[in-house]
Amino acid sequence: MSIVVTGATGHLGRHVVEQLLEKVPAGQITAVVRDEAKAADFAARGVKLAVADYNAPETFGSVFAAGDKVLLISGNEFDKGRPAQHQAVIDAALAAGVALLAYTSAPGSLTAALADDHRATEQALLASGLPYVLLRNGWYHENYTEQLAPVLEHNAVVAAAGAGRVSSASRADYAAAAVTVLTGEGHENKTYELGGDEAWSFAEYAAELSKQTGKEIAYNSVPGEVLIGILTGAGLPEPLAAIFAGVDAAIEQGQLVVPGGELSRLAGRPTTPLAEAITAALKG
Ligand SMILES: NC(=O)c1ccc[n+]([C@@H]2O[C@H](COP(=O)([O-])OP(=O)(O)OC[C@H]3O[C@@H](n4cnc5c(N)ncnc54)[C@H](OP(=O)(O)O)[C@@H]3O)[C@@H](O)[C@H]2O)c1
């Protein structure tokens, strides 16, 4: 029996494997990766590696065994049909008879286009009959704190989110919740809506950035079409820019505020404050 993590060399996956290593022997963890070289550090510490690609279902043929607990980390290839990619993993897990398949989804309140792939995967997972956990992860702090260069260059936070609020948390927080589910009992067929303990507005985000940098950083709320123009002007493909504008519209409508404190409950500690994530990013 293994705890198997797909997307293990991604940002979230690395946090999950690191936190698993604090709780279970390395030999009980399998990291599923596309590129073994990227996971050499895990292998050196005794983590088992499996090489598989969501685009090649046959590569998942021998990844899982009966009784495994699996974390399917959603892919990032928006243009390659993520529902079919995730279905390949679900099919392989079902064929092997895994004990649990946890999936990193999006908040149930989110209706932006970005959520469509997650809803389709959730439906496929429920239809499979596998014991499942839906980890409906809210937004990452890092979506913002890893994009500080243009903010600091122009002294402006630009978003199309009006006065909307976001209860984001750090990737490490979401990883902690996933590890609790993978190593604990009684999570079968549960849906967890996960977000940070405190929601913030972009004006508050700009104020915190101002405080920490000593600069005057303003929040510039723009209409969605203007944001799309700015993002495409900076080299982003139009469909992706439209997805980001859609997310901001959802934020304005309050769809990324996740109440309930489920994330800190599962993590066993308060979630990381945004201010702390900003400090870490500024130290960079
Ligand atoms: N909640 C949020 O705010 C938020 C924000 C961004 C993304 N997400 C979602 O959450 C996921 C995890 O976040 P993250 O920050 O860890 O993203 P990430 O760093 O981009 O990691 C994505 C992982 O998926 C793997 N992957 C992609 N396509 C694959 C394929 N065809 N076959 C096998 N593996 C594949 C990648 O493998 P490699 O390591 O080989 O590249 C990587 O390990 C993302 O993929 C996305 O679905 C959520």
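Everything here concerns the structure above.
A brief structural summary. (Residues numbered from 1 in each chain as written. Predicted model: local features only at pLDDT ≥ 70, side-chain atom pairs only at ≥ 80, totals over all residues. Heavy atoms only, no water.)

Notes on the packing of helix H8 (residues 202-213) against helix H12 (residues 274-283)
Right, so step 1: Where H8 contacts H12, the two axes come as close as 10 Å, and the packing angle between them is 45°. Taken together, the axes of H8 and H12 are oblique relative to one another. Handedness of the crossing formed by H8 with H12: right-handed. In this structure, H8 uses Tyr205, Glu208, Leu209, Gln212 and Thr213 to contact H12, whose residues at the interface are Leu274, Ala275, Ile278, Thr279 and Leu282.
Right, so step 2: Here the contact of H8 with H12 is composed, by residue class, of 6 nonpolar, 3 polar and 1 charged. (Axes fitted to C-alpha atoms, helices over the stretch in contact; angles between N-to-C directions. Helix = DSSP H or I, 4+ residues; strand = E, 2+ residues; numbered from the N terminus. Parallel < 35°, antiparallel > 145°, perpendicular 65-115°, else oblique. Left-handed = near helix turned anticlockwise from the far one by under 90°. Contact = heavy atoms within 4.5 Å. Nonpolar A, V, L, I, M, F, W, Y, C, P; charged D, E, K, R; others polar.)

So, the sheet that holds strand S6 (residues 132-137)
Right, so step 1: The 7 strands are arranged S3-S2-S1-S4-S5-S6-S9 in an open sheet whose pairing can be described as parallel. Each edge of the open sheet is held by one strand with a lone partner, namely strand S3 (48-51) and strand S9 (190-194). Across the sheet, the axes of successive neighbouring strands diverge by a mean angle of 20°, strand direction being ignored. (Pairing = 2+ DSSP bridges.)

Things to note about a nonpolar patch on the surface
Right, so step 1: Taken together, the side chains of Val158, Val226 and Ile230 define a hydrophobic patch exposed on the protein surface, amounting to about 210 Å² of accessible area.
Right, so step 2: Along the chain, the position of Val158 falls in strand S7 (residues 156-159). (Patch = residues over 30% accessible without salt bridge, like charges linked within 9 Å, V, L, I, M, F, W, Y side chains within 5 Å. Areas by Shrake-Rupley, 256 points an atom, 1.4 Å probe, with all protein chains shown as cover. Salt bridge = Lys/Arg side-chain N within 4 Å of Asp/Glu carboxyl O.)

Some thoughts on the site of the ligand
Right, so step 1: Thr9, His11, Leu12, Tyr54 and Ser74 are the nearest of the 23 residues found near the ligand.
Right, so step 2: A distance of 3.2 Å separates an oxygen atom of the ligand from a polar atom in the side chain of Arg82.
Right, so step 3: The side chain of Tyr140 places a nitrogen or oxygen atom 2.9 Å from an oxygen atom of the ligand.
Right, so step 4: Here the ligand loses 86% of its free accessible area of 890 Å² to cover by the protein chains.
Right, so step 5: For the shell around the ligand, the elements supplying multiple residues, two or more each, are helix H1 (11-21) and helix H3 (82-96).
Right, so step 6: Its residues assigned to classes, the shell around the ligand comprises 6 nonpolar, 11 polar and 6 charged. (Near = heavy atom within 4 Å. Polar contact = N/O pair within 3.5 Å; in protein donor to acceptor, adjacent residues only side chain to side chain.)

Quick look at the packing of aromatic side chains
Right, so step 1: Tallied over the full model, the rule gives 9 aromatic pairs.
Right, so step 2: Ring centres of Phe60 and Phe64 lie 6.0 Å apart, and the angle between their planes is 25°; on these two criteria the pair is classed as stacked.
Right, so step 3: With a relative accessible area of 1%, Phe60 lands in the buried category.
Right, so step 4: Joined through ring pairs, the aromatic side chains of Tyr144, Trp200, Phe202, Tyr205 and Tyr219 make up one cluster. (Phe/Tyr/Trp six-rings, centres within 6.5 Å; stacked < 30°, edge-to-face > 60°. Buried < 20%, exposed > 50% of the residue type's maximum accessible area, 1.4 Å probe, protein only.)

Points about the side chain of Gln85
Right, so step 1: Structurally, the position occupied by Gln85 is in helix H3.
Right, so step 2: What makes Gln85 buried here is its relative accessible area of 2%.
Right, so step 3: Once residues within four sequence positions are removed from consideration, Gln85 is found in contact with Tyr54, Asn55, Glu77 and Lys80.

Observations regarding the side chain of Thr6
Right, so step 1: Along the chain, Thr6 falls in the loop between strand S1 (3-5) and H1.
Right, so step 2: Beyond its immediate chain neighbours, meaning those up to four positions away, Thr6 contacts Val32, Tyr54, Phe60, Leu71, Leu72, Ile73 and Val89.

Comments concerning the pairing of strand S4 (residues 69-72)
Right, so step 1: Burial along S4 is two-sided: Lys69 and Leu71 and Val70 and Leu72, pointing in opposite directions, are all buried.
Right, so step 2: Alignment of S1 against S4, held across 3 bridges, turns out to be parallel. Residue pairing in the sheet places Val4 in a bridge with Val70 of S4.
Right, so step 3: Where S4 and strand S5 (residues 100-105) come together, 4 bridges link them in parallel fashion. Its bridge partner being in S5, Val70 is matched across the sheet by Leu101.
Right, so step 4: As a crossover connection, the stretch from S4 through H3 into S5 is right-handed. (Right-handed = clockwise from strand over helix to strand, strands pointing away.)

Here we look at the nonpolar core
Nonpolar side chains in soluble globular proteins tend to end up buried together.
Right, so step 1: Within the largest apolar cluster, 33 residues are counted, with the highest numbers of intra-cluster contacts made by Val5, Val16, Leu71, Leu135, Val181 and Leu194.
Right, so step 2: Looking at this core, the elements that each hand over two or more residues are S1, H1, strand S2 (29-33), S5, S6, helix H7 (171-183), S9 and helix H11 (262-267).
Right, so step 3: Among the elements that make up this core, the one with the highest residue count is H7 (7 residues).
Right, so step 4: In contact with Val181, not counting residues within four places along its chain, are Leu100, Ala102, Val133, Leu135, His187, Tyr192 and Leu266.
Right, so step 5: Grouped together as the second largest cluster of nonpolar side chains are 25 residues, Leu110, Trp200, Val247 and Ile251 included. (Core = buried A, V, L, I, M, F, W, Y, C linked by side-chain atoms within 4.5 Å.)

Considerations on H1
Right, so step 1: Along H1, the residues classified as buried are Leu12, Gly13, Val16, Val17, Gln19 and Leu20. One side of H1 holds all its buried residues, which, seen down the axis, span an arc of 165°. (Arc of directions from axis to C-beta.)

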